[in-house]
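# Structure at a glance
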Amino acid sequence: MTDKPTTPPMFRSSAAGKRIRPGSSVPGNVSPNTEHERRQLQALDTASEQAGFPSRETASQPVVRRRRQPASTEPMHNLCIRAPISNYNRFVNFCVSQNLPYWQGMAKLMDLCGVTPNGDLPE
């Protein structure tokens, strides 16, 4: 007796009736087949939103390909920060509207604030 793992019905393609294999492209018209499956998926979506995981199914902004910016002539260093999404979006929108890479956007904002090379603010 061989025990083959079965794919839950909600992960099957309703259009072709075939199993969707990992790594394959998923057709856009995959939907739950029954009301029970629809309620299960809705409960999962609600639980994930309450846990702080936003849905990736609907993008709020279109994906725009950015062109590569020339690198600085100075040595570079990485800066990784966590920021609230609203601040992050404001910064990214600023850089996109000014057609600047992030490092140049940060430099421009510091110049506008008058931050010295020592990190001091003007009196």
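Residues numbered from 1 in each chain as written. Predicted model: local features only at pLDDT ≥ 70, side-chain atom pairs only at ≥ 80, totals over all residues. Heavy atoms only, no water.

Broken down by element type, the protein chain carries three helices and zero strands. The helix and strand sequence of the protein chain, counted from the amino end, reads α-α-α. The proportion of buried residues among the 123 residues of the protein chain is 11%. Sequence separation of 24 or more characterises 31% of the internal contacts of the protein chain that already satisfy a separation of 6 or more. A total accessible area of about 11500 Å² is found for the protein chain, and carbon and sulfur atoms account for 55% of it. (Helix = DSSP H or I, 4+ residues; strand = E, 2+ residues; numbered from the N terminus. Buried < 20%, exposed > 50% of the residue type's maximum accessible area, 1.4 Å probe, protein only. Contact = heavy atoms within 4.5 Å. Areas by Shrake-Rupley, 256 points an atom, 1.4 Å probe, with all protein chains shown as cover.)

Its volume calculated, the largest pocket comes out at about 670 Å³. For the lining of the largest pocket, the elements supplying multiple residues, two or more each, are α2 (85–98) and α3 (102–113). Tallying contributions element by element places α3 first for the lining of the largest pocket, with six residues. Its residues placed into classes, the lining of the largest pocket shows 14 nonpolar, three polar and no charged. (1 Å grid on protein atoms, 1.4 Å probe; cavity = no way out; pocket = protein on both sides within 12 Å on 5 of 7 lines; lining within 4 Å. Points joined across faces, edges and corners; volume = space filled by probe spheres on them. Nonpolar A, V, L, I, M, F, W, Y, C, P; charged D, E, K, R; others polar.)

Look at helix α1 (residues 35–50): 22 Å from first C-alpha to last across 16 residues, which is about the 22 Å you get at 1.5 Å a residue. Following α1 by one or two positions, Gly 52 has its phi on the positive side, about 95 degrees. (Expected span 1.5 Å × (residues − 1).)

Let us now look at the pattern of salt bridges. Considering all chains together, one arrives at one salt bridge under this definition. Taking the shortest distance from any N to any O, the salt bridge between Glu 35 and Arg 38 comes out at 3.3 Å. With a gap of three residues between them, Glu 35 and Arg 38 both fall in helix α1, about one helical turn apart. Given the relative accessible area of 46%, Glu 35 is considered partly exposed. Residue Arg 38 is classed as partly exposed on the basis of its relative accessible area, which comes to 40%. (Salt bridge = Lys/Arg side-chain N within 4 Å of Asp/Glu carboxyl O.)

A word on unusual backbone geometry. The phi dihedral of Asn 99 is positive, around 55 degrees, even though this residue is not glycine. Note that Asn 99 resides in the loop between α2 and α3.

A full pass over the atoms with the stated rule returns one aromatic pair. Each ring, one from Phe 91 and one from Tyr 102, has its centre 5.7 Å from the other, and the planes form 50 degrees; the classification is tilted. Taken as a pair, Phe 91 in helix α2 and Tyr 102 in helix α3 lie far apart in primary sequence, eleven residues in all. According to the relative accessible area criterion, Tyr 102 is partly exposed, its value standing at 37%. (Phe/Tyr/Trp six-rings, centres within 6.5 Å; stacked < 30°, edge-to-face > 60°.)

Attention shifts here to α2. Since the α-helix packs 3.6 residues into each turn, any two residues three or four apart lie on the same face. End to end, α2 covers 20 Å across 14 residues, agreeing with the expected 20 Å (1.5 Å per residue, within 8%). Within the span of α2, buried status applies to Val 92, Phe 94 and Cys 95. With its buried residues spanning 155 degrees around the axis, α2 presents them on a single face. Seen from the buried face of α2, the exposed residues on the opposite side, beyond 90 degrees, are Ile 85, Arg 90 and Ser 97. Of the surrounding elements, those touching the buried residues of α2 are α3. Positioned one or two residues after α2, Asn 99 has a phi angle of 55 degrees, which is positive. (Arc of directions from axis to C-beta.)

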